[in-house]
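# Breakdown of the fold
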Amino acid sequence: MNLEVNPLSFLVVIVAIASLAFVMKNCKSKIERKLPPGKMGLPWIGETIDFYKAQKKNRLYQDFIQARIRKHGLTFKTRLMGHPTVVVSGAEANKFFLSNEFKLVVSSWPSSSVQLMGENSIMEKQGEAHRCLRGIVATSLSSSGLENLVPRICNTVTMHLERYWNGGEKTISLYGLTKVLTFTIVLECLLGIEVKPGMLEMFEKVLEGVFAAPFSFPGSKFSRAKRARKEIEEMLVEIVRDRRREMEKQEQEQSDGGGILLSKFVAAMIRGEITEAEVADNIVLLVFAAHDTTSFAIAMTFRMLAHHPNCYALLRKEHDNIMRSKSEPDESLTYEDVKQMNYTWQVARESIRIFPPIFGSFRKAIQDIEFDGYMIPKGWKVLWTAYGTHYDSKYFEDPLRFEPGRFDELVQPFSYVPFGGGPRLCAGYQLAKLNILIFVHYVVTRYNWTLENLDEPITVDPLPFPSQGMPIRIYPKLQ
Ligand code: HEM
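What you see is a predicted model, and the numbers here were worked out from it, not measured in a lab.

## Some points on the sheet that holds strand β8 (residues 381-385)
Strand order in the open sheet made by the 5 strands is β1-β2-β8-β5-β3, with mixed pairing throughout. Each end of this open sheet is capped by a strand with a single partner; those strands are β1 (76-80) and β3 (105-107). Across the sheet, the mean angle separating the axes of adjacent strands is 35 degrees when strand polarity is ignored. Relative to strand β2 (residues 83-88), β1 is paired through 5 bridges, and the arrangement is antiparallel. Residue pairing across strands places K77 opposite V86, the latter belonging to β2. Across the sheet, helix α3 (residues 60-72) is in contact with β1, β2 and β8; its angle to β1 comes to roughly 140 degrees.

## Quick look at the site of the ligand
Around the ligand, the surrounding shell holds 26 residues, and the nearest of these are H130, S361, R363, R424 and C426. Measuring from an oxygen atom of the ligand, one finds a side-chain N or O atom of R134 at 2.8 Å. A distance of 2.7 Å is found between an oxygen atom of the ligand and a side-chain nitrogen or oxygen belonging to S361. Secondary structure elements with two or more residues in the shell around the ligand: α6 (127-140), α12 (276-307), β5 (360-365) and α17 (429-446). Among the residues forming the shell around the ligand, the class breakdown is 17 nonpolar, 6 polar and 3 charged.

## Overview of the coordination of the iron atom of the ligand
Within the protein, a single donor atom binds the iron atom of the ligand, namely C426 (SG) at 2.3 Å. Relative to the assigned elements, C426 resides in the loop between α16 (387-390) and α17.

## Some remarks on the UniProt feature "binding site: heme" (unreviewed entry) in the chain
Under the UniProt annotation, "binding site: heme" (unreviewed entry) lies at C426. Contact partners of C426, with chain neighbours within four places excluded, come to R134 and F419.

## Quick word on a nonpolar patch on the surface
A cluster of nonpolar side chains, namely L42, W44, I45 and I49, defines an oily patch on the protein surface of about 430 Å² accessible area. Take I45: it is sitting in the loop between α1 (7-34) and α2 (48-56). I45 gets classed as partly exposed once you look at its relative accessible area, which sits at 33%.

## Observations regarding helix α11 (residues 261-270)
Counting buried residues in α11 gives 9 out of 10 residues, a clear majority hidden from the surface. Every buried residue of α11 is accounted for by L261, L262, S263, K264, F265, V266, A267, A268 and M269. Contacts made by the buried residues of α11 are with α6, α8 (174-191), α10 (221-249) and α12. Backbone geometry just downstream of α11 places G272 in the positive-phi region, at approximately 85 degrees.

## Looking at the packing of aromatic side chains
This structure, assessed with the given rule, holds 21 aromatic pairs. Centroid distance Y61 to Y387: 5.8 Å. Interplanar angle 15 degrees. Geometry classified as stacked. On the criterion of sequence distance, the pair formed by Y61 in helix α3 and Y387 in helix α16 is long-range, its members being 326 residues apart. The class of Y61 is buried, set by a relative accessible area of 4%. Among the aromatic residues, ring-to-ring pairing joins W165, F302, Y312, F439, Y447 and W449 into one connected group. One Lys or Arg, R68, reaches over the ring of F64 and ends 3.8 Å from the middle of that ring. The ring centre of F362 lies 6.0 Å from the NZ or CZ of K381, which sits over that ring.

## Brief notes about the side chain of Q346
As for its position among the elements, Q346 is in helix α15 (residues 342-354). A polar contact is formed between the side chain of Q346 and the side chain of D408, at a distance of 2.9 Å. Setting aside residues up to four positions removed in sequence, Q346 forms contacts with P404, G405, F407 and D408.

## Regarding the pairing of β8
The side chains of a regular strand alternate, first on one face of the sheet and then on the other. Counting buried positions along β8 gives 5 out of 5 residues, so the element sits mostly inside the fold. Sheet topology note: the β2/β8 ladder contains 4 bridges and is parallel. Directly across from T85, in β8, lies its bridge partner K381. The pairing of β5 with β8 spans 5 bridges and is classified as antiparallel. Bridge pairing in β8 links R363 to V382.

Reading the values: the criteria
- Residues numbered from 1 in each chain as written.
- Predicted model: local features only at pLDDT ≥ 70, side-chain atom pairs only at ≥ 80, totals over all residues.
- Heavy atoms only, no water.
- Pairing = 2+ DSSP bridges.
- Helix = DSSP H or I, 4+ residues; strand = E, 2+ residues; numbered from the N terminus.
- Axes fitted to C-alpha atoms, helices over the stretch in contact; angles between N-to-C directions.
- Contact = heavy atoms within 4.5 Å.
- Near = heavy atom within 4 Å.
- Polar contact = N/O pair within 3.5 Å; in protein donor to acceptor, adjacent residues only side chain to side chain.
- Nonpolar A, V, L, I, M, F, W, Y, C, P; charged D, E, K, R; others polar.
- Donors = N, O, S within 2.8 Å, 3.2 Å for Na, K, Ca; no water.
- UniProt positions renumbered as here; feature names shortened; annotations may be inferred.
- Patch = residues over 30% accessible without salt bridge, like charges linked within 9 Å, V, L, I, M, F, W, Y side chains within 5 Å.
- Areas by Shrake-Rupley, 256 points an atom, 1.4 Å probe, with all protein chains shown as cover.
- Salt bridge = Lys/Arg side-chain N within 4 Å of Asp/Glu carboxyl O.
- Buried < 20%, exposed > 50% of the residue type's maximum accessible area, 1.4 Å probe, protein only.
- Phe/Tyr/Trp six-rings, centres within 6.5 Å; stacked < 30°, edge-to-face > 60°.
- Lys NZ or Arg CZ within 6 Å of the ring centre and 35° of its normal.

This is the structure:
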């Protein structure tokens, strides 16, 4: 074998390799130069431990995000749960990432959430399929839909109070009972599905696993949640098939089913627009989306009212006036009455600003994105947060002060984002509003109350909740 090497070819190869290495190094450093500042931490784990530690103390914004904003600016990189992630803050960032859903980013939920909510749920859908499902939900929450919902919600709230709140002076768990109420409102008032004993517990088991590690070993939170999800699915499929049979018998598929969302889903299924699996997954998703969020919003509204007696006096005036306009004390509220509750809605909005039920959420870049002078590579996650604007004095003067009147003025678009924004803006925003306002009305007109612990700590796991269930002492008023 001839091993002799031509010196010229050798030189050419060396020069080619050196040039290639130079170009690659240059390219890499160019990309790295443009990445946002920040620390990626340990391989895979990154800064996840710090993230969870701060979350557990309900100080995720202060200890994790704000601390890094001070070091690196409003846009910084980190690594969370194995994913390179860019955390963004401010109204401009919210607008950019929330409005560019489907174009530059898509929402990105943990694998456990996707498995438990189902891959057919609205949160996993994009484009036309997403628009179709949102359209169905929106028809139940249109202005005529809301008009139909008000008497149904009033009836559910008064029955709930008679069952759990009546019986003289006593202490009850405001948060615990509100969860029972919001569950009943979503299932019975919105969807038209009767709540049967054991259903709430079954759904709660699923919700407990939504953010758990997706490990299916016996006894794990996730495997318990998956078992409960299977039971719920079987129950829902039966309910959906029964409703289909009824509607086909009565040839109701063209009607709106009295505004009941389940009938609208089934009508769309009969028309071939959605499948049975899509109906079941979206019922589970709606319960998940509505349950802890609305209950926490109500709990925080009462907490802020307890802390601010002047605001409470103003709010009660609003409800006393509505009561006075009724000829019978038990007369149900109308949608027009609810529209009069402007100050109450300001109080609720301000409570949700300070205590957002959803911290923020993750998106995934579907292409390389230029933002704020940096490059976010395709495949990276982006975390936007409600706190990033709610706690910034640029958008809300003296942001930690409770000031419902600040909503007399219009707020800058994408600065008040407890319900998100863009194509994935909360689909149940109007239902949450009705639920909160109607519940507050009946409580403040029928009971005097005091909170047992004004400063009850908030636990986050990973959604926030009052750690002791918010014990409230109630004193029924003489009617
Ligand atoms: C105070 C109560 C509530 C809060 C704070 C809240 C908050 C949010 C937020 C922040 C999002 C957007 C998530 C993202 O961009 O990734 C969202 C989406 C959603 N919410 Fe709500 N929500 C509340 C109540 C409800 C209720 C009562 C329902 C329905 C019955 C509901 C149904 C939904 C649905 C279906 C979506 C997904 C929308 C989509 O992907 O197109 N929410 N919610």
